[in-house]
Amino acid sequence: MISSAAKPIAIISDIHGNLEALQAVLAHIASQGIETIYCLGDVVGYGPNPRECVEHCYGMQLCLLGNHDNGALFDPDGFSSGAEKAIFWTRRQLEDQSRSGMQERWAFLARLPRTHRDGDLMFVHGSPRSPLNEYVFPEDIYNQRKIERIFSFIQKFCFQGHTHVPGVFTENCRFYSPSEIGDTYELSDQKLMINVGSVGQPRDGDSRSCYVTLNGTTVRFHRVQYDAEATCRKILAIPELDEFFGNRLLQGK
Ligand code: ZN
């Protein structure tokens, strides 16, 4: 018997300050009558609307801390120079005293947890071994030791983000992209790690936003079209944000 969420939940991740993408995904979730939303972190970083995206997360049932959120709060460590520059710009936006709500934004980010458990379900940003920073890429299935170690931290099912590449990992070193499984996967007795993809910066070659719903034992991957050109234009107009962060949105890479 699998104990999963009683009510359907939407699991989103890696919004990265992309308001157009977040609004499109929230509308898509609402159109299915789903009221419970879990966000797996990286609300900010790279994108042009960090304040608005943080404020959209206030009403969600869960929001985890991502490495970019952590970088904006504390000293950024281990980022590329472009990403670091974006983090310092993001921090200035969040700190902007001339905009209302500065205290609330900081207080919200500062109390985000790094992991969450609901019965058999576990939620992290990166990996269950290192919730904030470890990447688990599809090609890691060829590193059996890594996959075994990571799965040793999972009781049953773990939902994650961070790589921006959606799909399902099994304990016996298989990876299934959403297209290989018809966008759905049934939870059973086997342990799983499920990457929910990215709302605001997809990197699997599909520029549409990605997220997951969990209804009973059915995991479903969703893709949502949004106005990526509008977000790209905003990024190109901000000198502190690398042009690459805008252009890659159009390619989903
Ligand atoms: Zn991210």
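Per chain, the residues get numbers from 1 upward, laid out in the order the sequence is written. For a predicted model such as this one, the threshold for reporting local features is a pLDDT of at least 70, and the threshold for listing and counting side-chain atom pairs is 80 or more; totals across whole chains, interfaces and linings nevertheless cover every residue. The basis for every side-chain value is the complete set of heavy atoms in the structure, and neither hydrogens nor water enter the calculation.

Notes on the sheet that holds strand 11 (residues 209–215)
Reading across the sheet, the 6 strands line up as 3-2-1-11-12-9 and stay open at both edges, with mixed pairing between neighbours. In the strand order of this sheet, the two ends are held by strand 3 (62–63) and strand 9 (184–186), each with one partner. Sheet topology places strand 1 (residues 9–12) next to strand 2 (residues 36–39); 4 bridges connect them, and they run parallel. Bridge pairing in strand 2 places Ile 11 opposite Tyr 38. Where helix 1 (residues 19–31) meets the sheet, it contacts strand 1, strand 2, strand 11 and strand 12 (218–224), and its direction lies at approximately 25° from that of strand 11. Two strands qualify as a pair provided that DSSP identifies no fewer than 2 bridges between them. A helix here means a DSSP run of H or I that spans at least four residues, while a strand means a run of E at least two residues long, and both kinds are numbered starting from the N terminus. Note on contacts: a residue pair qualifies if any of its non-hydrogen atoms lie within 4.5 Å across the two residues. Axes here refer to lines fitted to C-alpha atoms; in helices the fit is confined to the stretch in contact. Angles between the N-to-C directions go from 0 to 180 degrees.

A few points about the coordination of the zinc ion
The protein atoms donating to the zinc ion are Asp 14 (OD), His 16 (NE2), Asp 42 (OD) and His 164 (NE2), with metal-donor distances spanning 2.0 to 2.4 Å. Only nitrogen, oxygen and sulfur atoms qualify as donors, provided they sit within 2.8 Å of the metal or within 3.2 Å for Na, K and Ca; with water excluded from the atoms, sites may seem incomplete. Square planar and octahedral sites, with four and six donors, are those where opposite donors lie more than 155 degrees apart and all other angles lie between 65 and 115, tetrahedral sites have four donors with every angle between 85 and 135 degrees, and the rest are irregular. Geometry at the zinc ion is irregular, judged from its 4 donor atoms and the angles of 85 to 177° they form at the metal. Binding-site remark: the zinc ion is held by donors from one chain whose sequence spacing is D-x1-H-x25-D-x121-H. Taken as a pair, Asp 14 in the loop between strand 1 and helix 1 and His 164 in the loop between strand 6 (157–160) and strand 7 (167–170) lie far apart in primary sequence, 150 residues in all. A relative accessible area of 2% places His 164 in the buried class. Here the term buried applies to any residue with accessible area under 20% of the maximum for its type, exposed to any over 50%, and partly exposed to those in between, with areas from a 1.4 Å probe on protein chains only.

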